[in-house]
Amino acid sequence: MTDERPDSRTDPDDPEFMADRAPSRADGGAPTAPGALHGPGPDKRPRPEGRRTDLGIRVEGEAESEHPPRRAVVSAVVDHEPGVLSDVSGLFSRRQFNIESLTVGPTADEDYARITLVVEEPDPGIEQVKKQLETLLSVREVRELEESAVERETALVEVRAEDPDAVRTAARTTGGEVVDTSPGTMTVSVTGPTDRVDAAIERLAEFGIREVARTGATALSRGETPTTEWPRPAREEDAADGSRPEHDTEN
Amino acid sequence: MSGSEPTGADPGEDPTDAATSPERDGCPDTDREGSPDPETATDREGSPDPETDREGPPDPETDREGPPDPETATDRVTTGAEAAVATLERAGVEHLFGVQGGAIMPVYDAVYDSEMSHVTMGHEQGAAHAADAYGQVTGEPGVCMATSGPGATNLVTGLADADMDSDPVVALTGQVPTALVGNDAFQETDTVGVTAPVTKANYFATGPEAAGEAVGEAFALAREGRQGPTLVDLPKDVTQAAADRAPDRPESPETYDPPERADPDRVADAAACLADAERPLILAGGGVIKGEASPELRRFAREFEVPVATTMPGIGTFPEDHDLALSWAGMHGTGYANMAISHCDCLLAVGTRFDDRLTGDVATFAPEATVVHVDIDPSEISKNVHADHPLVGDAGTVLEQLHEAMPSVPEAAAWREQCAQWKREYPMTYAAPEDEPLKPQFVVEAADAATDDDAIVTTGVGQHQMWAAQYWTYTEPRTFVSSHGLGTMGYGLPAAIGAKVAAPDKQVVCFDGDGSFLMTCQELSVAVRENLDITVFVLNNEAVGMVRQWQDGFYDGRRMASEYPWVPDFARLAEAFGAEGFRISGYGEVADTVRAAIAHDGPAVVDAHIDPAEEVYPMVPSGGANDQFALHPDHLDNGGEDE
């Protein structure tokens, strides 16, 4: 631009400035390529020992710490408002969590709904499921239920009814009941823990299954242990005199 | 202020610039946004503008001079739009970035009577990026506005960018009237649905009072806890409907309670681990900046003499010219930072989410280290890298807790010597032979030398971004404003606009690539209209250079769609926009042109023609091990390319 050469460390004519950044040729035999830098190559560096699993957990020596997927039942109390289910399901698809079932329904407090999720993930994945759910503002509380929790789902199984008596017997022995009998078809309703529902469907398969609809598992903790702290249960004296008006609407 | 020499030279050149600037003074709004000067607002109010009568109640003009008085302001709220706008005003918002449009018009109409200044951007993406940069520079949410449909969808890239980098941004979008929602009305988009995955929270305003409340919550949530973008969708009937109140100040939902202090027992365990370490290392992430925790981090590192590497968003948390500084780690980070991460035995990671560009193959990340992870977001703990000592809380608070809990100074003299040795072994020097075209690193260093220490650098995304990160010496937080997680080409120019509005007294320099610049260069018109003194360096290699570098490294040099057979003359392009254009094509022009462009009072664009063959090193190939960084294309044989 101008003839002036201001005295500055950015002046390319300043030998000191240029000396800093013209090292390549001096290093006899060092490879030169645009952008190449100096230093020992990858195979000339000390390598660290140890490594991590795909889940970022450090493993000592050869011992591989195993994190097989397991089935977990997670209960989440959420604001009972539009969009929450979409937030939760969007989160699961976006983060690629393996989800076996998701059910949602109102709680005793009309402001809140309960979502019950059955997920199949390694332990760190289950932790992530819980933490990610908690990042949603509409999610009030998230708990993983113990294995002892009461868990139920319902399946409606429509089968061919060439032998209605056999279907009725099968329904009875699997703990189900026939809820519809039509020409050529019968529908059996089965309610129970997921594995029992699976077994019932397998048993009914011999008649030829036409359609199956399942609710997915819903669950509560056993006994005094609360499934979740939210929504706060009605105090006993309140329940006795029915003084929690917001609950009356449910009945 | 290391740039004292060039600054000293400036005054001599100023008259020239002053002489050229009147050409652009035809723009009526020249001064308004650039200088948040109350007098300017006074002028506007004082002008005999018949429109001012519309304000209705004859508020004492004096009220507008001082901070908004909640009582008075409450009286003035008459519509949902005014509730939304009053909420922002009461939150202390001074600047808005946006683009007008049908469904957002009632909100803009309410802004007409507001003291907030509005920067009209060329494109809604630019508005979101400008608000994002404003948020990065100030720490307070930047606010952007757009209409429904295309206005809202154009914001999405900027919101996703802010979401990835946890930048505080509030977006207000217009929406078709409630009765038409769901009918595929003109310019209707399910904005809440579209933006849900890329916002921290979003709201659909269901009524005029709810509009104010939603804006208040959105504002509070954008800045509290882990920061991030929020959005309020405002149907036109809601903003037009009568309302008489707005929240006095933004408040997050009462159930939102970000953790402050970490569990003391865990802090004690982590401190013991750090004190016992032979090879301790601090990894400072963007969360340190977001949490204003640089002072605590610096104190900790200096007192316990622990070397510090940063992530890219963490650049500036620790002065890069300090003996303990290893600069930034990751794919194109320094060799010494990556060696230190690979060999440390205790890693204190603060405010980082362990992005794959930082970790490389997780199996090989800090494989010998016990990890102490400080983060305000519990969902980041053990998401990518297992935390042996999870410390959930505010970065500054937890660092102070750790500081107090440290039983002793770790005995790590040998380790510090090892780190110093790596700094000597893997210097960030580059060859700049006189007989080859200009090296981009040289331009970055020249600009660094010619600017103040607290100058703000913004970048686009690509090779130029890496050079700007590698060869500028950052010493302060909030001085490197970039698109990290999303990697949004075109971020740099609108970000420079947002940064300059946020910090009118600081120098703002944007490094861009020719590809990146062409994605948002229409925002130059905004910089000219607002007379923003920013300097854009286009490191022009006539290619999407990073893609080309990968093609050469991993796709047998098959340069598909990465080279431009022709690029515009960016200096003349700048002049067509009304900015000052400069051109550099050789070493001899660098120093003078850089200084002249920075001295120019107003937007300037420097079209720097750099060596098109120059590549970015070091490089950890995607999915590779950090300690196996390549210094040369030949080293890439060791690594794979997995994307």
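Our structure's up above, just so we're on the same page.
Quick notes on the rules
- Residues numbered from 1 in each chain as written.
- Chains lettered and ligands numbered in written order.
- Predicted model: local features only at pLDDT ≥ 70, side-chain atom pairs only at ≥ 80, totals over all residues.
- Heavy atoms only, no water.
- Salt bridge = Lys/Arg side-chain N within 4 Å of Asp/Glu carboxyl O.
- Helix = DSSP H or I, 4+ residues; strand = E, 2+ residues; numbered from the N terminus.
- Buried < 20%, exposed > 50% of the residue type's maximum accessible area, 1.4 Å probe, protein only.
- Contact = heavy atoms within 4.5 Å.
- Buried area = accessible area lost by both parts, 1.4 Å probe.
- Pairing = 2+ DSSP bridges.
- Axes fitted to C-alpha atoms, helices over the stretch in contact; angles between N-to-C directions.

(A) Layout of the pattern of salt bridges. This model, assessed by the stated rule, comprises 37 salt bridges over all chains. For glutamate 229 of chain A, the salt bridge identified is with arginine 143 of chain A, shortest N-O distance 3.3 Å. In this pair, glutamate 229 of chain A is assigned in the loop between strand 11 (218-220) and helix 6 (236-241) and arginine 143 of chain A in strand 6 (residues 139-144), connecting sequence segments 86 residues apart. Assessed through its relative accessible area of 41%, glutamate 229 of chain A is described here as partly exposed. Across the pair glutamate 476 of chain B and arginine 298 of chain B runs a salt bridge whose closest N-O atoms are separated by 3.9 Å. Of this pair, glutamate 476 of chain B sits in the loop between helix 19 (463-471) and strand 14 (480-481) while arginine 298 of chain B sits in helix 13 (residues 294-304), and the two are 178 residues apart along the sequence. Relative accessible area serves as the criterion here: at 36%, glutamate 476 of chain B is assigned to the partly exposed category. One connected set of salt bridges, linked through shared partners, spans Arg70, Asp123, Glu127, Lys130 and Glu144 of chain A.

(B) Expanded view of the interface of chain B and chain A. Listed per partner, the contact involves 68 residues of chain B and 54 residues of chain A. Carbon and sulfur atoms supply 55% of the area buried between chain B and chain A, which totals about 5,000 Å² over both sides. Contact with chain A buries surface across chain B, with Pro367, Asp592 and Leu631 of chain B losing the most and accounting together for 10% of the total. On inspection of chain B and its partner chain A, the count reaches 1 salt bridge. Aspartate 627 of chain B is the partner of arginine 47 of chain A in a salt bridge, and the nearest nitrogen-oxygen pair spans 2.6 Å. Of all the secondary-structure elements, those providing two or more residues to the side of chain B that touches chain A are strand 5 (201-204), helix 14 (335-343), strand 11 (370-375), helix 18 (440-449) and helix 25 (587-599) of chain B.

(C) Region of the structure containing the sheet that holds strand 11 of chain B. Residues and elements named next belong to chain B. Ordered in space as 9-8-7-10-11-12, the 6 strands form an open sheet in which the pairing is parallel. One side of each edge strand has no neighbouring strand; the edge strands of this open sheet are strand 9 (325-328) and strand 12 (389-392). Direction aside, the axes of adjacent strands within the sheet are offset by 15 degrees on average. Alignment of strand 7 (residues 280-284) against strand 10 (residues 346-350), held across 5 bridges, turns out to be parallel. Opposite leucine 283, over in strand 10, you have alanine 349 as the bridge partner. Across the sheet, helix 11 (residues 264-276) touches strand 10, strand 11 and strand 12, and the angle it forms with strand 12 is around 130 degrees.

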